[in-house]
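Chain by chain, the residues run as shown.
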Amino acid sequence: MSQQHISHSDASANATSCDFATWARDYSQHTNRSLAGSRFILTKTLNSGSTGCAFEQVAQEWGMNIVQADSPEDHNNFTAHVESTAVEPDLRTSSGKQAMDLAQQHMPVLKKLVDQLSHEHDMRQLRVAMCLILEPKTAILARLLVQAGAQVGIYSGPETLNTRVAQQLESEGVTVYANPAWNPEEAKQAALTLLDTLKPNLIIDDGASFARLAARERPELAATLIGVAEETTSGVRAFDAMEIDQVLPFPVVAVNDSLMKTGFDNAHGTGETCITTIQQLLGAHCFQDTALTVIGFGPVGRGFARRARTLGAQVTICDTDPRACLQAVFEGFPTRDLKDTLPAADMVISATGVYHTVNLTHMHSMRDGTILGVIGGMANEIALDNIPQKCSQMNEPVSELHIPHGPHLTLLAGGNGINYTAGGGNPIEIMDLSFAVQVAALKWLLENYRTLDKKVYRLPDLVDQQIALAALSSRGYEISHSEDNTSNNWQVTRFDQPNGTQY
Ligand SMILES: NC(=O)c1ccc[n+]([C@@H]2O[C@H](COP(=O)([O-])OP(=O)(O)OC[C@H]3O[C@@H](n4cnc5c(N)ncnc54)[C@H](O)[C@@H]3O)[C@@H](O)[C@H]2O)c1
């Protein structure tokens with residue numbers, strides 16, 4: 001069962017007693033472990049009095065399962081006996097091998113899915129090209145596939161590369177195409193070299209750029225490509241559009257659309273790690289009394305907005321879809337037109353994954369010092385391509401953005417996704433689920449490709465359920481079994497009750 005100890009000293013490493021904001025930032029950024037869905041033991045010190053109560057309430061809002069210190073709850077190899085964040089190695093400064101080994105300890109579901117795949121298929125036939133952020137969790141996906149016998153090549157963009165992990169992966173037999181010094185043309189040539197050298201029969205993509213490059217510049221590869229597994233919302237949108245235009249040259253599995261991906265990665269992990277990364281950049285209490293505009297109320301925007309509110313932000317939601325706005329209203333958030341919120345906003349965060357969500361006119365209407373960032377995933381989600389002379393420090397996690405004839409804004413992570421550019425990315429336990437879905441997608445493609453069309457497919461519900469079961473059991477939880485399940489029996493109506501009961 002995934003359990004961690006929180007003592008009074010943990011929570012107050014640098015802060016006043018029972019300061020959830022500081023504790024959450026330190027724990028999340030230090031370990032890259034998931035707060036949501038994990039079990040935490042709360043010591044009596046922290047749990048007593050009103051401050052302990054407040055900590056517990058906020059923790060539960062963040063999806064943490066809190067148990068008492070003397071609770072008989074199970075301990076298992078997920079249990080991290082963490083008396084303070086300092087006890088666990090800091091993933092940010094660990095060697096590549098140490099970081100990967102730490103991550104792998106908390107990714108049992110992925111391991112189980114790779115084992116299943118390798119029992120049922122000859123892995124030596126697989127040539128898998130991956131285009132993912134290169135950090136410890138993605139490295140475990142590559143490591144496990146290689147250990148099972150597949151040939152794996154990985155491409156990573158210069159802005160999302162952990163060089164220590166890249167070196168470790170290469171030493172384990174993965175071909176890595178990644179270099180932080182590449183310019184855009186060099187990065188593209190490296191991606192093409194990976195395609196030319198590996199000639200992949202499976203692609204794992206994140207954002208659809210790699211597979212679209214293959215479709216455009218190496219169309220001959222489509223003949224031997226079994227299919228593509230796509231990780232994220234914006235990538236699936238691109239493939240859906242290609243299918244509509246009848247130019248999709250291979251089958252695609254929308255990994256993103258599985259509940260076991262979006263319901264955890266987008267809904268929990270992204271919000272959690274974007275909040276704690278912003279705290280890391282701006283201070284643990286940066287959300288307190290902040291007028292925060294969140295643009296986009298999909299799973300990512302919602303997970304972020306809810307957590308920011310618990311830390312004291314006054315959140316306004318802007319979404320172009322009235323259904324999303326109504327959902328926000330039902331969760332207690334005001335909704336407004338974006339242009340009306342901007343002049344008074346202290347912080348503006350885009351969670352849409354849509355090009356030019358924040359355009360130049362929007363930026364002109366902001367005040368000096370407004371903090372601007374992206375938690376979605378699209379290049380130029382903030383229209384930085386419309387600002388020729390941006391600033392000299394664009395690669396810094398926090399930089400000043402000079403809008404021509406307008407305000408000086410504070411830009412986070414150079415306008416790229418905050419959690420993976422300036423932090424460690426989504427938590428380990430969350431990526432365990434997302435990558436389990438990726439492996440399930442590879443297996444499904446291998447078993448079905450002969451009958452597939454050049455379309456975007458969603459995995460069957462049963463696949464999601466099997467992954468959820470594995471995740472539950474690795475944490476020591478159970479599901480309920482119904483012995484007398486009549487839910488699919490259409491013949492039973494209210495009029496067939498023996499005692500005449502109507503309902
Ligand atoms: N940073 C990460 O680690 C991470 C993880 C998962 C997903 N993502 C990315 O986050 C983005 C959002 O994901 P999601 O699952 O919430 O997507 P979604 O499509 O479910 O939600 C996006 C919302 O934004 C709204 N929207 C679109 N354009 C808008 C505009 N111009 N103004 C206002 N609202 C607008 C849509 O109506 C929708 O409600 C995607 O690009 C996804 O790929 C990032």
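- The protein carries the name S-adenosyl-L-homocysteine hydrolase in an unreviewed UniProt entry, which gives Bombiscardovia coagulans as its organism.

## Here's the deal with the overall build of the protein
Step number 1: Looking only at helices and strands, one finds 19 helices and 16 strands in the protein.
Step number 2: Counting the 503 residues in the protein, one finds 49% classified as buried.
Step number 3: The contacts of the protein with a sequence gap of at least 6 include a subset with a gap of at least 24, amounting to 73%.

## Observations regarding the nonpolar core
Step number 1: Grouped together as the largest cluster of nonpolar side chains are 84 residues, with contacts concentrated most on Leu110, Ile154, Ala436 and Ile467.
Step number 2: If one sorts the elements of this core by residue count, helix 18 (residues 428-448) sits on top with twelve residues.
Step number 3: With near-sequence residues (within four places) excluded, leucine 110 lies in contact with Ile140, Leu141, Leu144, Asp432, Phe435, Ala436 and Val439.
Step number 4: Among the nonpolar cores identified, the runner-up in size contains 57 residues, and Trp23, Leu35, Ala305 and Leu372 belong to it.

## A short note on the site of the ligand
Step number 1: In the vicinity of the ligand lie 32 residues, with Gly296, Gly298, Val300, Gly353 and Gly376 positioned nearest.
Step number 2: Contributions of two or more residues to the shell around the ligand are made by helix 11 (233-244), helix 12 (259-282), helix 13 (299-310) and helix 17 (418-422).
Step number 3: In terms of residue class, the shell around the ligand is made up of eleven nonpolar, 18 polar and three charged.
Step number 4: Per-domain counts for the shell around the ligand show at least three residues from each of domain 2 (96-260 + 427-474) and domain 3 (277-422).

## A closer look at the sheet that holds strand 11 (residues 314-318)
Step number 1: Spatial ordering of the open sheet is given by 11-10-12-13-15-14, a layout of six strands whose pairing is mixed. The open sheet terminates on both sides in strands that have one partner only, identified here as strand 11 and strand 14 (398-402). Averaged over neighbouring strand pairs, the angle between their axes works out to 25° when direction is ignored.

## Concerning the pairing of strand 4 (residues 127-131)
Step number 1: By the criterion of burial, strand 4 is predominantly enclosed, with four of the five residues buried.
Step number 2: Of the pairings in the sheet, the one linking strand 4 to strand 5 (residues 151-155) comprises five bridges and is parallel in character. Paired with cysteine 131 across the bridge in strand 5 is tyrosine 155.
Step number 3: Pairing geometry for strand 4 and strand 7 (residues 202-205), over four bridges, is parallel.

## Some words on the UniProt feature "binding site: NAD(+)" (unreviewed entry) in the protein
Step number 1: Cross-referencing UniProt, the feature "binding site: NAD(+)" (unreviewed entry) maps to Gly298, Pro299, Val300, Gly301, Arg302, Gly303 and Asn419 in the present numbering.
Step number 2: Take valine 300: it is sitting in helix 13.
Step number 3: On the neighbour-count criterion, valine 300 (30 C-beta atoms within 10 Å) is buried.
Step number 4: Beyond its immediate sequence surroundings of up to four residues, valine 300 is in contact with Asn266, Thr270, Gly271, Ala351, Ile375 and Gly376.
Step number 5: In this structure, glycine 301 sits in helix 13.
Step number 6: Take glycine 301: there are 29 C-beta atoms within 10 Å of it, and that puts it in the buried class.

What counts, and at which threshold
Residues numbered from 1 in each chain as written. Predicted model: local features only at pLDDT ≥ 70, side-chain atom pairs only at ≥ 80, totals over all residues. Helix = DSSP H or I, 4+ residues; strand = E, 2+ residues; numbered from the N terminus. Buried ≥ 20, exposed ≤ 12 C-beta atoms within 10 Å, placed from the backbone. Contact = placed C-beta atoms within 7 Å. Core = buried A, V, L, I, M, F, W, Y, C linked by C-beta atoms within 7 Å. Near = placed C-beta within 6 Å. Nonpolar A, V, L, I, M, F, W, Y, C, P; charged D, E, K, R; others polar. Domains from an automatic or database assignment. Pairing = 2+ DSSP bridges. Axes fitted to C-alpha atoms, helices over the stretch in contact; angles between N-to-C directions. UniProt positions renumbered as here; feature names shortened; annotations may be inferred.

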